[in-house]
Amino acid sequence: MTALLAENLAPIMFVALVVVMLFGYPVAFALAANGFVFGLVGIELGLLHPNLFGAIPDRIFGTMANETLLAIPFFTFMGLILERSGMAEDLLDTIGQLFGPIRGGLAYAVILVGALLAATTGVVAASVISMGLISLPIMLRYGYDRRVAAGTIAASGTLAQIIPPSLVLIVLADQLKTGSSQVVSVGDMYAGALIPGLVLTALYGGYILLVSIFKPEFVPALPPEARVLRGTKLAFKVITTLVPPLVLIFLVLGTIFIGLATPTEGGAMGAVGALILAALNGRLNITMIYQALDTTAKLSSFVIFILLGARVFSLTFYGVDGHIWVEHLLTAIPGGELGFLIVVNILVFLLAFFLDFFELAFIIVPLLVPVAEKLGIDLVWFGIILGVNMQTSFMHPPFGFALFYLRSVAPAKPYLDKVTGKTMAPVTSGQIYMGSIPYVIIQILMVSLVIAFPYMVTHYKSTVEAVDPSTISIDIPMPGLGAPGSGAGDNPFGGPGAGDNPFATPPADGAAPGALPPPDFGAPAAPPAPSAPGGLPQPDFGAPAAPGQ
């Protein structure tokens with residue numbers, strides 16, 4: 001029994017972690033407790049050395065000194081300030097007026113604003129709650145189907161997961177470079193995620209287009225009396241509303257992409273820009289700053305505690321060769337690289353029903369990275385695939401956090417509309433869940449597209465092939481030895497033809513091309529002239545001695 005336990009301690013440890021989390025214990029403490037308990041079991045069984053836990057302080061200080069994670073509080077603070085700055089209200093109102101005359105116009109506006117908020121805030125909760133409070137009553141007022149309206153708002157808010165500056169991409173960059181020989185930076189993740197994020201936004205818009213064609217009554221256009229802005233007034237409003245977020249996007253993403261700032265510095269500039277924007281809108285006050293700082297501290301502490309728990313868990317898990325167990329398990333999947341990607345994405349998709357993206361990133365991703373690297377998979381590409389897949393964790397019925405955020409602001413009881421004076425029916429949880437299903441399917445389609453077209457992610461990399469210096473050899477032929485296999489007399493410097501001598505005189509008539517002429521050593525040297533008068537006499541060595549003398 002002891003031998004069986006020792007051989008299978010790694011899978012038992014992983015199953016125990018899942019069971020403890022299903023009981024509802026906090027993830028950070030579940031990870032740390034499993035690491036300590038199974039570490040003691042491993043020491044008792046002789047699998048681990050008692051000094052193993054001496055490495056924990058070093059791991060904790062290494063986590064606290066990680067500069068990559070410093071970007072998380074900056075981007076979180078920026079998003080929370082922007083949530084209260086009035087930017088979302090202005091964008092939704094203006095773009096809603098711009099797209100209002102066409103069917104599905106409000107839905108297009110929500111998707112576009114969701115992408116802009118994702119590129120400025122990077123926080124899902126802020127985007128979903130803002131758009132739920134502002135757009136949902138307007139969409140219901142003008143006859144939008146409740147399922148379409150709820151699903152569009154929730155899905156548009158989750159764009160903050162994949163469009164930079166995303167907190168998910170920061171965490172993934174940190175986890176992908178742990179124990180990897182490949183260089184994975186936050187800037188690489190941001191550059192790689194840009195096109196997939198825009199394509200996903202376009203797919204959301206394509207879904208609304210199909211709904212407007214086949215079910216036009218689900219997404220009616222705004223009535224003329226609701227379009228209060230027209231002509232030059234609308235154009236001026238659109239320009240003045242779009243300039244602040246676009247400037248902020250350049251401050252954050254533009255400076256990172258062109259190399260002027262690191263992601264942490266970009267986040268700091270974004271936080272300052274958000275404060276300036278809130279001040280210009282007259283919304284900046286001490287209460288807002290206090291609330292934003294309080295929430296930022298809580299979220300940052302939440303991330304750090306999970307990461308510390310994951311460090312303790314991984315210390316024991318790697319100590320009992322759990323990473324080797326996972327590697328053997330996943331490398332045995334048929335289909336090579338493609339088979340691995342398919343199975344891993346199915347696994348992450350199913351785990352996303354129960355775990356949020358932080359838990360997936362800190363628990364699952366470190367186990368997958370060594371296998372992906374062994375299979376020769378580009379880790380930035382792999383990270384973006386997982387990032388798009390993890391986005392579904394916010395949309396999964398019944399545990400999707402975006403659905404919970406929307407549920408918290410959607411009307412649960414009949415209410416009186418302030419504009420029309422009509423009694424409006426509530427939005428049920430079933431309608432929110434049903435509305436999310438088409439968008440989950442679109443997200444799965446997006447995962448398939450990223451797998452099928454990796455250049456969407458790796459486009460930012462140089463097209464010049466990297467050369468391994470260890471494979472370079474320099475062979476210098478020796479003059480006169482000839483090239484191997486070509487016979488003596490060949491030109492070692494590669495003349496016009498085999499055996500040609502570029503320094504020889506032209507061949508005589510009838511001579512074979514490239515043949516060398518016979519050597520000419522010249523006539524014998526003339527005897528030395530007698531010395532001039534006054535010069536030294538010629539040396540006389542005497543006649544040779546007679547034999548026998």
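As the structure is a prediction and not an experimental result, all values here were calculated from the model.

Cut-offs applied
Residues numbered from 1 in each chain as written. Predicted model: local features only at pLDDT ≥ 70, side-chain atom pairs only at ≥ 80, totals over all residues. Heavy atoms only, no water. Core = buried A, V, L, I, M, F, W, Y, C linked by side-chain atoms within 4.5 Å. Buried < 20%, exposed > 50% of the residue type's maximum accessible area, 1.4 Å probe, protein only. Helix = DSSP H or I, 4+ residues; strand = E, 2+ residues; numbered from the N terminus. Contact = heavy atoms within 4.5 Å. Expected span 1.5 Å × (residues − 1). Phe/Tyr/Trp six-rings, centres within 6.5 Å; stacked < 30°, edge-to-face > 60°. Axes fitted to C-alpha atoms, helices over the stretch in contact; angles between N-to-C directions. Left-handed = near helix turned anticlockwise from the far one by under 90°. Nonpolar A, V, L, I, M, F, W, Y, C, P; charged D, E, K, R; others polar. Patch = residues over 30% accessible without salt bridge, like charges linked within 9 Å, V, L, I, M, F, W, Y side chains within 5 Å. Areas by Shrake-Rupley, 256 points an atom, 1.4 Å probe, with all protein chains shown as cover. Salt bridge = Lys/Arg side-chain N within 4 Å of Asp/Glu carboxyl O. Polar contact = N/O pair within 3.5 Å; in protein donor to acceptor, adjacent residues only side chain to side chain. pLDDT = per-residue confidence, 0-100.

**Re the nonpolar core**
Counting residues in hydrophobic clusters, the biggest one holds 149 residues, and the most contacted among them are Met 189, Phe 340, Phe 382 and Met 390. Looking at this core, the element that brings in the most residues is helix 17 (residues 357–374), giving 13 residues. Ignoring any residue separated from it by four or fewer positions in sequence, one finds Phe 382 in contact with Leu 176, Phe 340, Leu 341, Val 344, Leu 368, Ala 372 and Ile 377.

**Overview of helix 16 (residues 336–351)**
In this model, helix 16 (16 residues) spans 22 Å end to end at C-alpha, consistent with the 22 Å of a helix rising 1.5 Å per residue. Here helix 16 has its buried residues at Gly 339, Phe 340, Leu 341, Val 344, Asn 345, Val 348 and Phe 349. Where helix 16 is buried, its residues contact helix 15 (322–331), helix 17, helix 18 (379–391) and helix 20 (429–452).

**Re the environment of Gly 273**
The topology assignment puts Gly 273 in helix 13 (residues 263–280). Given a relative accessible area of 11%, Gly 273 falls into the buried group. Separated by 28 residues in sequence, Gly 273 and Pro 245 have C-alpha atoms that sit 9.6 Å apart.

**Brief notes about the packing of aromatic side chains**
Taken as a whole and assessed by the stated rule, the structure comprises 8 aromatic pairs. A centroid spacing of 6.4 Å and a plane angle of 50 degrees characterise the contact between Phe 99 and Tyr 108, whose relative ring orientation is tilted. By relative accessible area, which is 26% here, Phe 99 ends up partly exposed. Overall, Tyr 108 belongs to the buried group, its relative accessible area being 18%. On the numbers, 5.1 Å between centres and 75 degrees between planes, the contact of Tyr 207 with Tyr 439 is edge-to-face. Pair noted here: Tyr 207 is in helix 11 (residues 186–214) and Tyr 439 is in helix 20, with a separation of 232 residues, a long-range link.

**A look at the packing of helix 17 against helix 18**
Two elements in contact, helix 17 and helix 18, have axes whose closest approach is 11 Å; the angle formed by their N-to-C orientations is 150 degrees. Crossing hand, helix 17 versus helix 18: right-handed. Mapping the contact onto sequence places Phe 357, Leu 360, Ala 361, Val 365, Leu 368, Val 369, Ala 372 and Glu 373 in helix 17 and Leu 379, Phe 382, Leu 386 and Met 390 in helix 18. Across the contact of helix 17 with helix 18, the residue classes tally to 11 nonpolar, no polar and 1 charged.

**A short note on a nonpolar patch on the surface**
On the surface, Val 18, Leu 22, Phe 354, Phe 399, Phe 401 and Phe 404 cluster together into a nonpolar patch covering about 590 Å² of accessible area. Contributions of two or more residues to the nonpolar patch are made by helix 2 (9–22) and helix 19 (401–409). Inspection of the secondary structure assignment puts Val 18 in helix 2. When its relative accessible area of 33% is taken as the criterion, Val 18 is described as partly exposed.

**Looking at helix 5 (residues 71–83)**
Counted at 1.5 Å a residue, the expected span for helix 5 with its 13 residues is 18 Å, and the 18 Å between its end C-alpha atoms agrees. Of all the 13 residues making up helix 5, 10 are buried; the element is thus mostly covered by neighbouring parts of the structure. Looking only at helix 5, the buried set comprises Ala 71, Ile 72, Phe 75, Thr 76, Phe 77, Met 78, Gly 79, Leu 80, Ile 81 and Leu 82.

**Considerations on the environment of Leu 367**
As for its position among the elements, Leu 367 is in helix 17. Among the residues examined, Leu 367 registers a relative accessible area of 9% and is labelled buried. With 192 residues separating them in the primary sequence, Leu 367 and Gln 175 have C-alpha atoms 9.9 Å apart. Contacts of Leu 367, omitting those with residues within four sequence positions, involve Phe 14, Phe 317, Tyr 318 and Val 326.

**What to know about the side chain of Thr 152**
Relative to the helices and strands, Thr 152 is located in helix 9 (residues 146–157). Using a relative accessible area of 0% as the deciding quantity, one classes Thr 152 as buried. Looking at Thr 152, its side chain comes within polar contact range of the side chain of Tyr 439, at 2.7 Å.

**A look at the confidence of the model for the chain**
Looking at the chain, pLDDT values average 79 and 83% of them are 70 or higher. Within the model, pLDDT remains below 50 along residues 485–489, and this stretch shows 2 contacts once partners closer than five positions in the same chain are excluded. Between residues 494–499, whose pLDDT stays under 50, and residues either more than four places distant or in other chains, the model counts 5 contacts.

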